[in-house]
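A closer look at the structure
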Amino acid sequence: MQHDVALTRHGISLVPLSPAHAGPLFDFVDSGMWSGMAAEQPLSAAELAELFAARLEDPATIPFAVVEQRTGALLGTTSLCEYSPRQQRLEIGGTFYGRPFWGSHVNPAAKHLLLAYSFDVLDVHRVAFRCDARNTRSAAAIQRLGASYEGTLRGHRFAPDGSRCDTAVFSILREEWPHVRESLLGRLAPFELADNHCAYVAEPARSEHAA
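Criteria and thresholds
Just so you know, the residues in each chain are numbered from 1, in the order the chain's sequence is written. pLDDT decides what is reported in this predicted model: residues at 70 or higher carry local features, side-chain atom pairs at 80 or more are listed and counted, and totals for whole chains, interfaces and linings draw on all residues regardless. Computation of side-chain values: all heavy atoms of the structure, hydrogens and water removed. By nonpolar core we mean a set of buried residues, namely Ala, Val, Leu, Ile, Met, Phe, Trp, Tyr and Cys, connected to one another through side-chain atoms within 4.5 Å. Relative accessibility decides the category of a residue: with a 1.4 Å probe and only protein chains considered, values under 20% of the type maximum give buried, values over 50% give exposed, and everything between is partly exposed. Note on conventions: DSSP H or I runs of at least 4 residues are helices, E runs of at least 2 residues are strands, and numbering of each starts at the N terminus. Here, residues are in contact when the closest pair of their heavy atoms is within 4.5 Å. Expected span of a helix: the number of residues minus one, times 1.5 Å. Our arc is simply the arc of the directions from the helix axis toward the C-beta atoms. In short, DSSP must find at least two bridges between two strands for them to pair. Interaxial angles span 0 to 180 degrees and are taken between N-to-C directions of axes, which are lines fitted to C-alpha atoms, for helices over the stretch in contact. For this analysis, a polar contact is any N or O atom pair within 3.5 Å, provided that within protein one partner can donate a hydrogen and the other can accept it, and provided that sequence-adjacent residues contribute only side-chain to side-chain pairs.

1. Thoughts on the nonpolar core
- The biggest cluster of nonpolar side chains holds 55 residues, and the ones touching the most others in it are Ile12, Leu14, Phe96, Leu115 and Phe129.
- Ranked by residues supplied to this core, first place goes to helix α4 (residues 106–121) with nine residues.
- The contacts of Leu115, once residues within four sequence positions are left out, are Ile92, Asp120, Val127, Phe129, Ile172, Trp177, Val180 and Leu184.

2. With respect to the environment of Pro24
- Take Pro24: it is sitting in helix α1 (residues 22–26).
- We classify Pro24 as partly exposed; its relative accessible area is 40%.
- For the pair formed by Pro24 and Arg70, sequence separation is 46 residues and the distance between their alpha carbons is 18 Å.

3. As for helix α3 (residues 45–57)
- Taking 1.5 Å of rise per residue, the 13 residues of α3 would be expected to cover 18 Å, and the 18 Å separating its terminal C-alpha atoms lies within 8% of that figure.
- All buried positions along α3 are accounted for by Leu48, Ala49, Phe52, Arg55 and Leu56. End-on view of α3: buried residues confined to an arc of 115°, all on one side of the axis. In α3, the exposed positions that point more than 90 degrees away from the buried face belong to Ala46, Glu50 and Glu57.
- On its buried face, α3 is in contact with α1, α2 (31–34), β3 (62–68), β4 (74–84) and β5 (89–97).

4. Here's the deal with unusual backbone geometry
- Although it is not a glycine, His10 sits at a positive phi angle of roughly 55°.
- Assignment of secondary structure puts His10 in the loop between β1 (7–9) and β2 (12–16).
- Positioned with a positive phi, Gln88 is a non-glycine residue whose angle comes to about 55°.
- Of the residues examined, Gln88 reaches a relative accessible area of 31% and is grouped as partly exposed.

5. As for the sheet that holds β2
- Taken in spatial order, the eight strands line up as β1-β2-β3-β4-β5-β6-β8-β7 in an open sheet, and their pairing is mixed. The open sheet has two edge strands, β1 and β7 (148–158), and neither has a second partner. Strand-to-strand twist of the sheet, defined as the mean angle between neighbouring strand axes without regard to direction, takes the value 25°.
- In terms of strand pairing, β7 meets strand β8 (residues 164–173) through seven bridges, oriented antiparallel. Looking at the pairing, Thr152 lines up with Ala168 of β8.
- Of the strands in this sheet, β1, β2, β3, β4, β5, β6 (126–132) and β8 touch α4, which is tilted by about 160° from β5.
- Across the face of the sheet, helix α5 (residues 136–145) comes into contact with β6, β7 and β8 while running at roughly 160° to β6.

6. A few points about the side chain of Ser104
- For Ser104, the position within the fold is in the loop between β5 and α4.
- Looking at Ser104, the relative accessible area reads 1%, which means it is buried.
- From its side chain, Ser104 meets the backbone oxygen of Phe101 in a polar contact 2.7 Å long.
- Separated by 3.0 Å, the side chain of Ser104 and the backbone nitrogen of Val106 make a polar contact.

7. Observations regarding the side chain of Ser79
- Position of Ser79 relative to the elements: it lies in strand β4.
- For Ser79, a relative accessible area of 2% gives the class buried.

8. A look at helix α6 (residues 177–188)
- Compared with the 16 Å implied by 1.5 Å per residue over 12 residues, the 16 Å span of α6 between its first and last C-alpha is a close match.
- Elements in contact with the buried residues of α6: α4, α5 and β8.

Put into structure tokens, the structure is as follows:
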């Protein structure tokens, strides 16, 4: 959906996504980084812009561009999706970052902002995450956020190549959020003071990329 939500902390900002972001973000797209994504890989910036436009037209999706706070440089994109106010639930997905930011604090910082907005502002009870069960990097990143593995949906959907794939499901519930929040803030503490001094700081080496 179209929105005007902007979230900032730990050196990054989440700003409303626009099809105009597709040009710079398409430079990050390759078959390796797109592997495991639900959407078919865009082959041009125009196709990526169409994907972004579809997210903006979906009333249950709140999409963001992830930018470096000081310079405004684009780092990736992420979304709140499947939002159901009546059921007090949503999912975090549609995420990708440029390879230079894998293994950095960017993903946990973005997820902290999204989780805080979801639980503290939207007042949801459940935030879910899904990934292709074969995407072990994404699964590890999700669990490291503090989400609980719920199970695997077998033969859940078609992959872009036409094969059927399994989907791993994770979630965080409202009563779990305080503990998850404190864990994430502890993990991100080194970047509180770094915000005004550097555009990008890597976490200790550890690959992390959430699809």
